[in-house]
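Here's the letter readout for the chains.
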Amino acid sequence: MKSLLFIMALVTLFSFTAFDPITDKERTELLSYRESAKALLLKETKGLSGAQLNWKATDSTWSIANCVEHITLTEKSIFDWAMGTLKEPADPAKRTEVKVTDEQVKGMLESREQKAKAPETLKPGGQLGDYKKAISTYAQQATGFEKYIKTTKDDLRNHFAKTPVGTVDTYQLLLFLTAHTKRHTAQIIEIKSMPGFPK
């Protein structure tokens, strides 16, 4: 009888720890962050003409269409990276390597003060076809990401990745993904405000 009670206690403890990967608050905040990033990008690109989408301030800078393609390619790349971290065993001991908060991850990625060069594979070059194809692919991906966030039972806080802002957990890597989108949506807003942008 005592052994049965002990086993039942272990099962109960396991059910409250191993399968509670993120809190309801964390899930809600990540989902809200994702949805706000998507809404802003779609708002800032809606109804733009071909001339506006493809306008560049200089030959070496990106157009709005370029930004959308880069966002779409990068979101898939980072999401795949995040899913890859889950293939390794969870390792709570690595949490001591995480030196940045969720808010710091968002702030560092959203800020456009520090410039960075995109990897060649994520540079816009027509990989997704034209703008309509790119924005359609983006929207489909975003829906899939949001579904994952709503339903996942993955242990997002005990898997980790090394990033340009330091070691982060997988939850923070999904924040990283979304902050990157906000960063380049801010770039789109900048482009629209530049002298010479088609009216």
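Just so you know, these numbers come straight off a predicted model, no measurement behind them. (Residues numbered from 1 in each chain as written. Predicted model: local features only at pLDDT ≥ 70, side-chain atom pairs only at ≥ 80, totals over all residues. Heavy atoms only, no water.)

**Student:** For this particular structure, what's the right way to read the layout of surface pockets?
**Tutor:** Gaps between atoms show up when a probe of the same size as a water molecule is rolled over them. Roughly 870 Å³ of internal volume is contained in the largest pocket. Along its surface, the largest pocket is lined by 30 residues, and Ala-116, Lys-117, Ala-118, Arg-183 and His-184 are the ones closest to its centre. For the lining of the largest pocket, the secondary-structure elements that each account for two or more residues are helix H4 (64–85), helix H5 (102–110) and helix H7 (170–192). Tallying contributions element by element places H7 first for the lining of the largest pocket, with seven residues. Residues belonging to the lining of the largest pocket are distributed by class as follows: 15 nonpolar, nine polar and six charged. (1 Å grid on protein atoms, 1.4 Å probe; cavity = no way out; pocket = protein on both sides within 12 Å on 5 of 7 lines; lining within 4 Å. Points joined across faces, edges and corners; volume = space filled by probe spheres on them. Helix = DSSP H or I, 4+ residues; strand = E, 2+ residues; numbered from the N terminus. Nonpolar A, V, L, I, M, F, W, Y, C, P; charged D, E, K, R; others polar.)

**Student:** Looking at this structure, how should I read helix H2 (residues 24–45)?
**Tutor:** In an α-helix, one turn spans 3.6 residues; hence positions three or four apart end up facing the same way. The terminal C-alpha atoms of H2, which comprises 22 residues, lie 32 Å apart, in line with the 32 Å expected from a rise of 1.5 Å per residue. Considered for burial, the residues of H2 that qualify are Glu-26, Arg-27, Leu-30, Leu-31, Tyr-33, Arg-34, Ala-37, Lys-38, Leu-41, Glu-44 and Thr-45. Where the residues of H2 are buried, they touch H4, H5, helix H6 (131–151) and H7. Gly-47 sits one or two residues past H2 and shows a positive phi near 75°. (Expected span 1.5 Å × (residues − 1). Buried < 20%, exposed > 50% of the residue type's maximum accessible area, 1.4 Å probe, protein only. Contact = heavy atoms within 4.5 Å.)

**Student:** How should the environment of Asp-102 be read in this particular structure?
**Tutor:** Tracing the sequence through the fold places Asp-102 in helix H5. As for Asp-102 and Tyr-171, which are separated by 69 residues in sequence, their C-alpha atoms are 8.7 Å apart.

**Student:** Where do I start with the nonpolar core in this structure?
**Tutor:** It is characteristic of soluble globular proteins that their nonpolar side chains tend to be buried jointly. Judged by nonpolar contacts, the single largest core of 25 residues is most densely connected at Tyr-148, Leu-156, Leu-173, Leu-174 and Phe-176. Going through the elements one at a time, H2, H4, H5, H6 and H7 are the ones with two or more residues in this core. Among the elements that take part in this core, H7 stands out by supplying seven residues, more than any other. Residues in contact with Leu-173, not counting those within four places in the same chain, are Ile-78, Trp-81, Ala-82, Thr-85, Ala-161, Thr-163 and Val-168. Counting residues in each nonpolar core, the second largest holds 20 residues, with Leu-41, Leu-128, Ala-134 and Ala-142 among its members. (Core = buried A, V, L, I, M, F, W, Y, C linked by side-chain atoms within 4.5 Å.)

**Student:** So what exactly am I meant to see when it comes to the side chain of Glu-26 here?
**Tutor:** By the element assignment, Glu-26 lies in helix H2. Within the structure, Glu-26 has its side chain in polar contact with the side chain of Arg-157 (distance 2.9 Å). (Polar contact = N/O pair within 3.5 Å; in protein donor to acceptor, adjacent residues only side chain to side chain.)

**Student:** Whenever I open this one, the side chain of His-184 confuses me. Can you help?
**Tutor:** With respect to the element layout, His-184 can be found in helix H7. Residue His-184 is classed as buried on the basis of its relative accessible area of 9%. A polar side-chain atom of His-184 sits 3.4 Å from a polar atom in the side chain of His-70.

**Student:** Explain the environment of Arg-183 here, please?
**Tutor:** Tracing the chain through its elements places Arg-183 in helix H7. On the basis of relative accessibility, which here comes to 10%, the residue Arg-183 falls in the buried class. When the C-alpha atoms of Arg-183 and Ser-111 are compared, they prove to be 6.4 Å apart, with 72 residues separating the residues in sequence.

Limitation: the analysis is restricted to geometry and does not speak to function.
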